[in-house]
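Observations on the model geometry
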Amino acid sequence: MTRLHHSNAPLLASVFACMSLTACPNDQTDSDTATSGDTKTSGDSTETDATDSAAPTTTDTPTTAATDGTSDGTGDPGEEPPPAGDGEESCDAGDEAFVKRVIPLLQGRKPEGMREVQLLVSAIEQLDAKGQDGRAIVARGLASGDLYLNRWRTFFWEQLKINRFEMKSNYGCYSQMTGAADDDDLAAYIRDNDAQGSSFGPPFTMGDVMMSALRLDDLSPMYRADMFARMARPLSGANITQEEFEINARSNYGEIFESSYLGRRSGCLECHTSTESVTYNPDPKYNHFWALPGDFEGAIYGDPKGRPEEEVYAAFRWTGFVDNDGAVEPWGWSNSCGRFNPGNQGDILGIPGYLGGALPEGGQLFDIDPLFKTGFATLASEGLMVDGNLSVAPDQALAYLTAVNIANGVWKEMLGYPLTLAHSFPRNEKQRDILGELADAFISDEYSLRTLLVEIVTHPYFNQEAPDLCDASNSYHMKPVFDPFSVTAADPNMRGNGVGDRIQRYSAWVLVESAMRAMWWELPVQQVQDNEWNYPSVNFLRDQGVFLKDAINGFNGVDFNGLLSWENQLAAGTKQSMQGSCTGPLGQPCAPYEWIELMLVEASMVPGATVGDIAAAIKDRLITEPTIAGPAEAAAIEGVIGLPLDTPMSQADTGQLEAGARRFAGMLLSTPQFMLSGVPSRDQDPAAIPAFAVPGTDIESLCNVHAPLLLGGQFSWSCSADGLKLR
């Protein structure tokens, strides 16, 4: 048995070539399902990928009748056209663009304006001058602190499909927290102990586990604990028998487990597994299937093609296992997260279970958790062990697929598109290599989210420049990672991907929270109390794509209804009362007033301040573009605010000025510059930055917040009104 790295995959071509692959009807070549409503334009929006639906051969013959590499206009001719060039070019956008891109994605908020951007750019430049990797250090520093913890706690709520209201919501388990959330001791205890027969001490909640795991920077305890916690709140139904309820409960938990943990769907395994696929071909020219090597499905399901769902889902037995009078509270947690009967009695369906091996009669989660515990541990310490025939130990297979699925989900959150198609596998070699590299980094650093994030934001594809400022040979100089179907474009220059292919709307919660934090308004409520059905702003959050419950499972894209809802809620720029946590300056208590109110007060104290200065301050705050570019833009802003930009503040009606300033802010909240990630604003002229700043957003205050997190005790530094200075 050897430790296998994803880059060894080409050596396995002879193994794959000997496999007999059966045809699978209705092969899904579109990634819409995997991206949950992502909206994008590919190189060929009508491309149906005929090769992907044809059975591959073991020869070098193309997998369709067309063998000359030409197309009749009906789709993929089989052999995909060669790329425009063999070499891979890069066109980095610079440190300012990097900072503008990274803050919303790591901390779930917009920059505090160009002052914060300049501060972090200065930190990168000074660190680089000392021979350090400035971007990596700044990114790791931003991946810490309360904003980071709350942003990624929310992200994993959606990844794990935690219901926010109605019958499956469990406020007492997921939202209430104790002192155990304040350090990493709890997560370390769960990592090192079995769910059954151990007790951390004081009762704790799943909310504690999630925060403690993020502090420990090891996600494995979170995933192990959530398997049990979600069982405490099953789906319910009227006028059904207990047997029918049990079937529905198992299916619900099992499907969530497959998608949120393994990144697999039983229904796809007939055609696509890690060892074979109807879209695989031994000739790389025709191959549309690039799996990470290892027979993971065989190890988990007992057969690469999977097995009947009812046998897999038997591991999620509810009747006779979840019991308010049960003897076991996993790791000694609060009974609000569920009590369980560790015995094997009460299996009213009598279906033999299988998950990582045959389960005992009446099997349940206490039979599964030990596999995850040992799998996570050995995978991190020894690496993935794969035999010559690609077999993998069941515990490592469970842990590895979970780690790969997390890595893919975080990449998608950061860059907009997954590295896999709807069947959960990469379509090309570059996608597979990136996915393998991210998974390796994540696993080797003991499931560190911070390491995974730094790997992603320092990847060359993260900070690419806009085409008109890039000196690459063409606008589509990246490998087809975001839109893998661009390789079929008729124009050779469009067969790669460009920076436009990775533009996406910020995920729903990040977008909403960015607006609230920018204006110092209340955040949305994370979850409502048990048996409470009145969720504040539920329609607005639903329309933006927030995951609320199984039946409102969210999306990440732009649609007409969502835009209308966003405009209806925010266009006036008036205070939003979403009844969640209050906001304010970074690192400071909540603000007693809105940012726009305090900004107008600060501006009024600057001699000669004009309406144009107010407009520049709002632009700086919301889209980091304080510059007003010419008469056309000035006229448009005047039309929104209702006052000439050269009007002195002292001569403007205060009520009219505030209403106009709010309208202008509301308009900017609906612009692509605010809503979309991928191409930040151009580098700005420092002279355009407003002369005034709201207290807490000045450069010295921002420096005092950032420097300890970025630099800690590793460097000597000082903060002043001039910014950060490394000594």
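Bear in mind that the values here come from a model prediction, so they are computed numbers and not experimental data.

**Some words on the overall build of the protein**
Scanning the protein from N- to C-terminus turns up 26 helices and six strands. The buried share of the protein, reckoned over its 727 residues, is 58%. Restricting to contacts in the protein with at least 6 residues of sequence separation, those with at least 24 account for 74%. Only carbon and sulfur atoms are counted for the fraction: they give 50% of the accessible area of the protein, which is about 27,700 Å².

**Describing the packing of aromatic side chains**
Applying the stated criterion across every chain yields a total of 30 aromatic pairs. A ring pair is formed by F257 and F316, whose centres lie 5.1 Å apart and whose planes are at 50°; its orientation type is tilted. Taken together, the positions of F257 in helix α11 (residues 242-262) and F316 in the loop between α13 (309-312) and α14 (369-382) put the pair 59 residues apart, joining distant regions of the chain. Here F257 and F316 have matching classes, each one buried. Site record: aromatic cluster; members linked through ring pairs are W152, F155, F156, Y223, F257, Y261, F316, F372, F376, F442 and Y447.

**So, the pairing of strand β5 (residues 717-720)**
Of the pairings in the sheet, the one linking β5 to strand β6 (residues 723-726) comprises four bridges and is antiparallel in character. Bridge pairing in β6 places C719 opposite L724. With antiparallel pairing between neighbouring strands as the criterion, β5 and β6 make up a hairpin whose turn holds two residues.

**Describing the pattern of salt bridges**
This structure, assessed with the given rule, holds 27 salt bridges. In this structure, R250 engages D347 in a salt bridge whose closest nitrogen and oxygen atoms are separated by 2.7 Å. Here the residue R250 occupies a position in helix α11, and D347 occupies one in the loop between α13 and α14, the gap between them amounting to 97 residues. When salt bridges that share partners are traced, they join E594, E597, E658 and R662 into one network.

**Quick word on helix α18 (residues 508-519)**
Between its first and last C-alpha, α18 extends 17 Å over 12 residues, near the 16 Å set by a 1.5 Å rise per residue. Of all the 12 residues making up α18, 12 are buried; the element is thus mostly covered by neighbouring parts of the structure. If you check which residues of α18 are buried, you get A508, W509, V510, L511, V512, E513, S514, A515, M516, R517, A518 and M519.

**Here's the deal with empty space enclosed by the protein**
With the rule as written, the count across this model stands at six cavities of 30 Å³ or more. Considering only enclosed or pocket space, the largest cavity measures out at about 130 Å³ in volume. Elements represented by at least two residues in the lining of the largest cavity include exactly α4 (114-129), α21 (595-604) and α22 (611-623). Taken together, the residues of the lining of the largest cavity break down into eight nonpolar, two polar and four charged. Looking at the second largest cavity, its volume works out to about 90 Å³. Lining the second largest cavity, in full, are K161, I162, N163, K168, N170, Y174, D226, R230 and R233. For the lining of the second largest cavity, the per-class residue count stands at two nonpolar, two polar and five charged.

**Side note on the confidence of the model for the protein**
Mean pLDDT over the protein stands at 89; residues scoring 70 or higher make up 88%. Note that pLDDT drops below 50 for residues 7-78; the model gives that stretch 133 contacts with residues more than four away or on any other chain.

**Some words on the side chain of T279**
Of note, T279 is situated in the loop between α11 and α12 (296-301). For T279, a relative accessible area of 3% translates into the label buried.

**Points about the state of the cysteines**
Chemically, a disulfide is nothing more than a covalent bond linking the sulfur atoms of two cysteines. Under the counting rule described, the total for this entry stands at four disulfides. Each sulfur in the disulfide pair C91 and C470 lies 2.2 Å from the other. Note that C91 is positioned in the loop between α2 (32-35) and α3 (95-107) and C470 in the loop between α17 (449-457) and β3 (504-505), a separation of 379 residues in sequence. Here C91 and C470 have matching classes, each one buried. With a sulfur-sulfur separation of 2.1 Å, C173 is cross-linked through a disulfide to C337. Handedness of the C173-C337 disulfide follows from its S-S torsion of about 105°: it is right-handed. Taken together, the residues C173 in helix α7 (residues 171-174) and C337 in the loop between α13 and α14 connect sequence positions 164 residues apart.

**A look at a nonpolar patch on the surface**
On the surface, M167, L235 and W533 cluster together to form a nonpolar patch covering roughly 290 Å² of accessible area. Under the relative-accessibility criterion, M167 is labelled partly exposed at 39%.

**Let's talk about the environment of Q126**
For Q126, the location among the structural elements is in helix α4. Overall, the relative accessible area of 19% leaves Q126 in the buried class. In sequence terms Q126 and L726 are 600 residues apart; their C-alpha atoms lie 6.8 Å from each other. Setting aside chain neighbours within four positions, we find Q126 in contact with L724, K725 and L726.

**Some points on the environment of N163**
Inspection of the secondary structure puts N163 in the loop between α6 (145-159) and α7. Among the residues examined, N163 registers a relative accessible area of 6% and is labelled buried. Expressed as a C-alpha distance, the spacing of N163 and K549, which sit 386 residues apart in the sequence, is 4.3 Å. In this structure, N163 is in contact with K168, S169, Q527, F547, L548, K549 and D550, ignoring residues within four places of it in sequence. Among the polar contacts made by the side chain of N163, one reaches the main-chain carbonyl oxygen of K161 at a distance of 3.3 Å.

**A look at the environment of E244**
With respect to the helices, strands and loops of the structure, E244 is situated in helix α11. Note: C-alpha distance between E244 and L349 (105 residues apart in sequence) is 9.5 Å.

**Re the packing of helix α16 (residues 429-444) against α17**
It is at 8 Å that the axes of α16 and α17 come closest, and there the two elements cross at 150°. Relative to α17, the element α16 is oriented roughly antiparallel. Taken as a pair, α16 and α17 cross one another with a handedness that is right-handed. Taken together, the residues of α17 that come into contact with α16 (itself represented by L438, A441 and F442) are L449, T451, L452, E455 and I456. Considered class by class, the residues forming the contact of α16 with α17 number six nonpolar, one polar and one charged.

**So, the side chain of R230**
As for its placement among the helices and strands, R230 is situated in the loop between α10 (220-229) and α11. For R230, the side chain forms a polar contact with the side chain of D226, separated by 2.5 Å. Those residues in contact with R230 that sit more than four places away from it in its chain are L160, K161, Y174, Y253 and I256.

**Quick look at α3**
The terminal C-alpha atoms of α3, which comprises 13 residues, lie 18 Å apart, in line with the 18 Å expected from a rise of 1.5 Å per residue. In terms of burial, α3 is a largely internal element, 13 of the 13 residues being buried. A positive backbone phi angle near 70° is found at G108, which sits one or two residues after α3.

The rules behind each value
- Residues numbered from 1 in each chain as written.
- Predicted model: local features only at pLDDT ≥ 70, side-chain atom pairs only at ≥ 80, totals over all residues.
- Heavy atoms only, no water.
- Helix = DSSP H or I, 4+ residues; strand = E, 2+ residues; numbered from the N terminus.
- Buried < 20%, exposed > 50% of the residue type's maximum accessible area, 1.4 Å probe, protein only.
- Contact = heavy atoms within 4.5 Å.
- Areas by Shrake-Rupley, 256 points an atom, 1.4 Å probe, with all protein chains shown as cover.
- Phe/Tyr/Trp six-rings, centres within 6.5 Å; stacked < 30°, edge-to-face > 60°.
- Pairing = 2+ DSSP bridges.
- Salt bridge = Lys/Arg side-chain N within 4 Å of Asp/Glu carboxyl O.
- Expected span 1.5 Å × (residues − 1).
- 1 Å grid on protein atoms, 1.4 Å probe; cavity = no way out; pocket = protein on both sides within 12 Å on 5 of 7 lines; lining within 4 Å.
- Points joined across faces, edges and corners; volume = space filled by probe spheres on them.
- Nonpolar A, V, L, I, M, F, W, Y, C, P; charged D, E, K, R; others polar.
- pLDDT = per-residue confidence, 0-100.
- Disulfide = S-S within 2.5 Å.
- Patch = residues over 30% accessible without salt bridge, like charges linked within 9 Å, V, L, I, M, F, W, Y side chains within 5 Å.
- Polar contact = N/O pair within 3.5 Å; in protein donor to acceptor, adjacent residues only side chain to side chain.
- Axes fitted to C-alpha atoms, helices over the stretch in contact; angles between N-to-C directions.
- Parallel < 35°, antiparallel > 145°, perpendicular 65-115°, else oblique.
- Left-handed = near helix turned anticlockwise from the far one by under 90°.

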